Each structure stands twice: as C-alpha cells, then as structure tokens.
Amino acid sequence: MIDWDPEIDSPAAVVVVGAGPIGIETALYARFLGYDVQLIDHGKVAGNVLKWGHLKMFTPFHRNSTSLGLAALRAQEPDLKLPDPNAYLTGQQYVNEYLVPLAKTDLIYDGVHVHSRVVSISRVQSQRDDASSGDERGGDEFRILVDSKSRGPWTARADIVIDTTGNFSLPRGIAPGGGSPIEPVESEDVIKHAWLDVLGKHQDLLRDKHVLMYGNGLEAAHFAVAMEQLAKSHPQTKLSWVTLPDENGNPTLRDISCAAVYSPSHELSELQQQCHALLKGTSSSVVPIAAWGIERIDRIPNGTLNVTLLTGFEDTLQRSCDLLVRANGMKPQWDFVDALRIDRCSHTDGPKGAAAIASSSGEQRSWTGESLLTTEPHYYVLGGKSFGSRDGFLLQDGYQQIRSLFALIGGRADLDLYKRAME
Ligand SMILES: Cc1cc2nc3c(=O)[nH]c(=O)nc-3n(C[C@H](O)[C@H](O)[C@H](O)COP(=O)(O)OP(=O)(O)OC[C@H]3O[C@@H](n4cnc5c(N)ncnc54)[C@H](O)[C@@H]3O)c2cc1C
C-alpha cells in the first residue's frame, strides 16, 4: 500500500539516468507516449556494452531489440540495413547497428546528453529525513545535478526519474568475503578489469606476461580461455587463475551455462567445458589456484606485484605477477541518491521491490509495475541495476519492466506499445 499516486499524465518531465540498452529504450518508450525526456549518460552511448564489445552476445538479435525500436529506426531511415534477427552480434555490433542509431533518432536525439555524469539527485523542497508523506514528496520535483564534460555543472528538474545506470559501476571486493585487500595506492597500470580484448587490442599488454586473475564467472571464463589461446603463439604468457574453492578445496567455476538456455546453439556450454578442463590443470600455461581471496598486494621495486592469497584460516600463498586482473564482477552505484529514500535489498544491493522477481528464473520472471515501485515516489530503477549485484539480468527483463512501468504511470494496465508497433 503506498500513500502516493504513481499515475502521471504526459507531458511531464522524465529524466532517464544512463544511456545503456535499457535507458535508450526507456527514453524511446516515454517519448512515444508524449513525455518530455532527457537521457543523461556519464560516458558514450552504451559505454558499458562497449567494454565487452569484442565478445559475442548470448541471445540472438531478436531478443535484444524490440518492435518499437525497430519501428523507430525504420521510420527514421527506411533504407537502414538492420541485423539478421537470428544473428548473435558482438557487443560492438549491437551498439553500432542498433543502439547508436536508436539514440540518434529524431524522437530522442535532442534530449540525449553524453559525457555527463549525474552527481546527485534530490527533491527541490523535501529533505530525506523530514516527515513529509509520500503524497507531499511525490508532488515535489526532483533536482538532478549533472557534471558535463562540455558544459560543466548544470541542473535538470523532473517529475519522474528512471535510474538505468546498470550494475557495472564499481568493482566488487577481491579480498576474502568480498572485502578490500591491502593494496598500493597508485596501481591502475597493473590492476585491470577482465573485459580486456586479449586476442585483439589489448594483446600487447598481456603477451608474454604473467597475469594473476581472480574470479569464477563469465568474464573470468572468457579471459582464461583467451589467455590460453594467446599462450599458444606466445609461450611465455602465463595465467594464475584464482577461484573460490568447492567443499573439497578444488577451484570452482560458477555456472555460466544458464544463458545458453535462451540460445541453445551458442557456444557458452563449450566455454564452460574448456574452463572445467583448465581448472583441472590440463594446460601448461594456466595454473588454477583455489583461494578465499586476495589478502594484500605489494608492488616490488622491479614494477611487478607480489600477491598474498588467503587459502585457509591461517594459510597464505604468495604469487608474483606482472598484472592483476579482477574478474569477479561489478556492482551498482547508489551514492548519487543519498538525498532520496530508496529501499534496498540487503542481500543484492538492488532495489527491494524488484529483488524477489530478479531471483526467479529467467523464463518465469514476470515484472509488474508494482514490483518496480521504490519508497521514493516517482523514482524507478530498471535494467541491470534492478538486479543489484546479482547476475542473470536479460534485456528481455528490461523491456518487460519498461512496458509494465509505463502501464502503471499511464494508469492503463493494457498499455503496450510493443504490441501496438507489431500491428
Ligand atoms: C559479456 C556480456 C554479454 C551479455 N550478453 C547478453 C545477451 O546476449 N543478452 C542479454 O539479454 N543480456 C546480455 N548481457 C546482459 C545485459 O545486456 C547487459 O548487462 C546490459 O548492458 C544491461 O543494460 P543496462 O542498460 O541496464 O545497463 P548498462 O549497459 O550497464 O548501462 C548503464 C549506463 O549508465 C551509465 N551511468 C552509470 N552511472 C551513471 C551516472 N552516475 N550518471 C550518468 N550515467 C551513468 C553508464 O555509463 C552506462 O552507459 C550481457 C552482459 C555481458 C557482460
């Protein structure tokens, strides 16, 4: 039961924070309904997808696009060549052939602000801790402070804020239990994230180097297999692959084949098998190590790193390496909404309302507008961030969320622009 009314008629001002696949689609949907929309992104359009742009997506293009998006592109440029619906695009192709053209459609282009970080969102009059009711807060506009590369700081006002900033903002801790290790202050040159294009543009950084990687999910799997491939042509290349132990103390891989359910022809199961073999020690260039996490990192005078791993309550193991790669995932950022009242799930650090649905299995997840309500009136969290630090978000979840949310805001349960675009 909420003490405010989620319905807001167009034209009202909507600010969408984050121009990833879900932010772009949200902006498009809202514009079709006549809302006045600003779409604000920290970096480039779909910058987070570009981080893993060299990798192939695990669902085909028809699952990563919508009837509304395709209709908008055809209306803008009738001769535009669109990807084959059954093609498995790389992240880069998806951005170039779908997301960027969408962001450039007349419908949303004027409201798109790139290289503009949202620094803080508050209400114009209500403080976070004052006694105002939901109804009073809901009637008060949002104030959004933006730090833009070209314009400097500026503010926007909005009746509705939709947060689609994803769950790729901050690295998760690599110390035991997800904490932080003791580490040297300036280490960006030798500590990297795993979305490196090992066989492409980042090869120079990795070739004939000893790399220590920590992680056991999809990003770790891609990285390990690519490093093994690189070692075939550059035999000095070595990978120490540190993962959590199973109950018998052996290095483990998290289940990465779940995504293959949506695309049985995809090579994810093969990737999983290759990784299981690597973790059994079948490769001379990949050394598996089971550990609870990285206790400390020291930089030694020759520029390499000395990494201390915790392998038991009192047991440690030292390894030196040229580069440390974090491959244990990312998490969302919340500090820019400090002045708002947003309920969060203590388990996933995602918004509370969405947590139960996010934890159900992909084919059964059924989003309702109500599941997207937060304790801050007219503030919604869609896309990868709605899952918090949990894996398993699919673009199809995001499209379902958008449809359900605008049915709620529009006060029409049957409102479905996707269905309409297909007629
Ligand atoms: C390797 C890989 C392959 C995948 N393949 C598939 C697939 O085949 N099918 C599928 O359904 N899903 C797939 N996914 C999952 C999903 O597509 C992605 O997680 C997707 O990027 C989520 O979209 P999003 O719009 O929610 O968030 P993001 O793409 O993370 O976008 C968030 C945006 O918000 C911006 N931002 C963050 N903070 C701020 C701020 N303070 N101010 C302004 N802007 C900000 C960021 O710059 C970014 O552009 C894949 C994920 C990975 C990692």
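Residues numbered from 1 in each chain as written. Predicted model: local features only at pLDDT ≥ 70, side-chain atom pairs only at ≥ 80, totals over all residues. Heavy atoms only, no water.

### Observations regarding the pairing of strand 13 (residues 293-299)
Both strand 13 and strand 14 (residues 305-310) contribute to a ladder of 6 bridges, which runs antiparallel. Note that in strand 14 the partner of G293 across the bridge is L310. The turn linking strand 13 back onto strand 14 is made up of 5 residues, and G303 within it adopts a positive phi angle of 95°. (Pairing = 2+ DSSP bridges. Helix = DSSP H or I, 4+ residues; strand = E, 2+ residues; numbered from the N terminus.)

### Topic: the environment of G18
Position of G18 relative to the elements: it lies in the loop between strand 1 (13-17) and helix 1 (21-32). Leaving out residues up to four positions away in the same chain, G18 has contacts with G23, L39, I40, D41, T164 and T165. (Contact = heavy atoms within 4.5 Å.)

### Topic: the site of the ligand
Around the ligand there are 30 residues in total, and D41, F58, T59, G384 and L395 lie nearest to it. D41 places a side-chain nitrogen or oxygen 2.6 Å from an oxygen atom of the ligand. Within the backbone of V118, a nitrogen or oxygen atom sits 2.9 Å from a nitrogen atom of the ligand. Here the ligand has 1,000 Å² of accessible area as a free molecule, and 94% of this is covered by the chains. Counting only elements with at least two residues in the shell around the ligand, the list comes to helix 1, helix 2 (47-51) and strand 4 (116-123). In terms of residue class, the shell around the ligand is built from 15 nonpolar, 13 polar and 2 charged. (Near = heavy atom within 4 Å. Polar contact = N/O pair within 3.5 Å; in protein donor to acceptor, adjacent residues only side chain to side chain. Areas by Shrake-Rupley, 256 points an atom, 1.4 Å probe, with all protein chains shown as cover. Nonpolar A, V, L, I, M, F, W, Y, C, P; charged D, E, K, R; others polar.)

### Points about a negative patch on the surface
Taken together, the side chains of D3, D5, E7, D9, D135 and E136 define an acidic patch exposed on the protein surface. In this fold, E136 is placed in helix 7 (residues 134-138). (Patch = residues over 30% accessible without salt bridge, like charges linked within 9 Å, V, L, I, M, F, W, Y side chains within 5 Å. Salt bridge = Lys/Arg side-chain N within 4 Å of Asp/Glu carboxyl O. Lys, Arg positive; Asp, Glu negative; His and termini not counted. Charge placed at Lys NZ, Arg CZ, Asp CG, Glu CD.)

### Observations concerning helix 9 (residues 218-233)
The end-to-end C-alpha distance of helix 9, which contains 16 residues, comes to 24 Å, matching closely the 22 Å that a straight helix rising 1.5 Å per residue would cover. Regarding helix 9, the residues found buried are E219, A220, A221, F223, A224, V225, A226, M227, L230 and A231. (Expected span 1.5 Å × (residues − 1). Buried < 20%, exposed > 50% of the residue type's maximum accessible area, 1.4 Å probe, protein only.)

### Points about the pairing of strand 6 (residues 152-158)
The pairing of strand 5 (residues 142-148) with strand 6 spans 7 bridges and is classified as antiparallel. Within strand 6, the residue paired with F142 across the bridge is A158.

### Structural notes on the domain arrangement of the protein
Assigned domains of the protein: these are domain 1 (13-168 + 332-422) and domain 2 (171-326). Spacing between the C-alpha centres of domain 1 and domain 2 amounts to 32 Å. Contact with domain 1, which involves 17 residues of that partner, is made by 14 residues of domain 2. Between domain 1 and domain 2 lies a buried interface of about 1,300 Å² when both sides are counted; carbon and sulfur atoms form 60% of it. There are 2 salt bridges connecting domain 1 and domain 2. When the shortest N-O distance is used, the salt bridge between D391 and R254 registers 2.7 Å. Across the contact surface, domain 1 and domain 2 share 3 residue pairs in polar contact (both at pLDDT 80 or more). Taken together, the residues of the side of domain 1 that touches domain 2 break down into 8 nonpolar, 4 polar and 5 charged. (Domains from an automatic or database assignment. Buried area = accessible area lost by both parts, 1.4 Å probe.)

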